[in-house]
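Read off the chains here:
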Amino acid sequence: MTHMEFSHPYFGAFFMFLFAFGAFIATVFLARLISRKLARLDTEKLKSTLYECGPEVTKQPSSVSVQFYLMALLFILFDIEIIFMFPWAIDFKVLGWFGFVEMILFILLLTIGFIYAWKKGALEWHSIK
C-alpha cells in the first residue's frame, strides 16, 4: 500500500498547473537575463542632451504626494466594502438574523478603520509644495 495516489481525476490538471507555473517563472527569468545582456547602457547621456531649444534637462525627484496613494488605498478599501455588501443584500432573507449581525459587525469594523484614518488626517487634502 502506498501513501501517494496518482489516480485522482484532477492529478493531471494539477501537474499541468505546476508545469505551467514553472515554465512561466523560467521564461520571465530568462527574458530578464537576456534583456539585461542586450540593453544599451550608454543612452543616458543622449536622454539628457538638449533637443533644438529649451531649458537644460535636470533630473527631479518625484513630486507626487503620498496623499494620492493614501486616498487610492482608502478608495479601494471602501470599494471592496461595497462589493461585499451586494451579495449580502441579495441573500438578506436567506441569511436571516445571523447574516444581519455579521454585516453589522463588518460595517462596525470598517467604521472603526474609517474613524482611525480620519483622526490620523488621512482624509485631509494637503497642499503640494
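Residues numbered from 1 in each chain as written. Predicted model: local features only at pLDDT ≥ 70, side-chain atom pairs only at ≥ 80, totals over all residues. Heavy atoms only, no water.

As recorded by an unreviewed UniProt entry, the protein chain carries the name NADH-quinone oxidoreductase subunit A and is attributed to Halarcobacter ebronensis. As recorded by UniProt, the Catalytic activity (unreviewed entry) comment attached to the protein chain reads in full: "a quinone + NADH + 5 H(+)(in) = a quinol + NAD(+) + 4 H(+)(out)". (UniProt positions renumbered as here; feature names shortened; annotations may be inferred.)

Draft legend 1. Main features of helix 4 (residues 92–120). Taking 1.5 Å per residue, 29 residues should reach 42 Å; helix 4 reaches only 35 Å between its end C-alpha atoms and comes up short. By the burial criterion, the buried members of helix 4 are Gly-99, Met-103, Leu-110 and Ala-117. Among the residues trailing helix 4, Gly-121 stands out with phi positive, at a value near 90 degrees. (Helix = DSSP H or I, 4+ residues; strand = E, 2+ residues; numbered from the N terminus. Expected span 1.5 Å × (residues − 1). Buried < 20%, exposed > 50% of the residue type's maximum accessible area, 1.4 Å probe, protein only.)

Draft legend 2. Spotlight on the UniProt feature "transmembrane region" (unreviewed entry) in the protein chain. Following the UniProt record, one finds the feature "transmembrane region" (unreviewed entry) at residues 12–31, 68–90 and 96–118. Within residues 68–90, the helical portion is 100% and the strand portion 0%, while the C-alpha atoms at the span's ends are 34 Å from each other.

Draft legend 3. Layout of the packing of aromatic side chains. In total, this model carries six aromatic pairs according to the counting rule given. Ring centres of Phe-78 and Phe-114 lie 5.5 Å apart, and the angle between their planes is 80 degrees; this geometry places the pair in the edge-to-face category. Here the residue Phe-78 occupies a position in helix 3 (residues 66–90), and Phe-114 occupies one in helix 4, the gap between them amounting to 36 residues. Considering the side-chain rings of Phe-92 and Phe-100, the 6.4 Å spacing of their centres and the 80 degrees angle between planes classify their relative orientation as edge-to-face. With a relative accessible area of 37%, Phe-92 lands in the partly exposed category. By relative accessible area, Phe-100 is classed as partly exposed at 31%. Among the aromatic residues, those joined into a ring-pair cluster are Trp-88, Phe-92, Trp-97 and Phe-100. (Phe/Tyr/Trp six-rings, centres within 6.5 Å; stacked < 30°, edge-to-face > 60°.)

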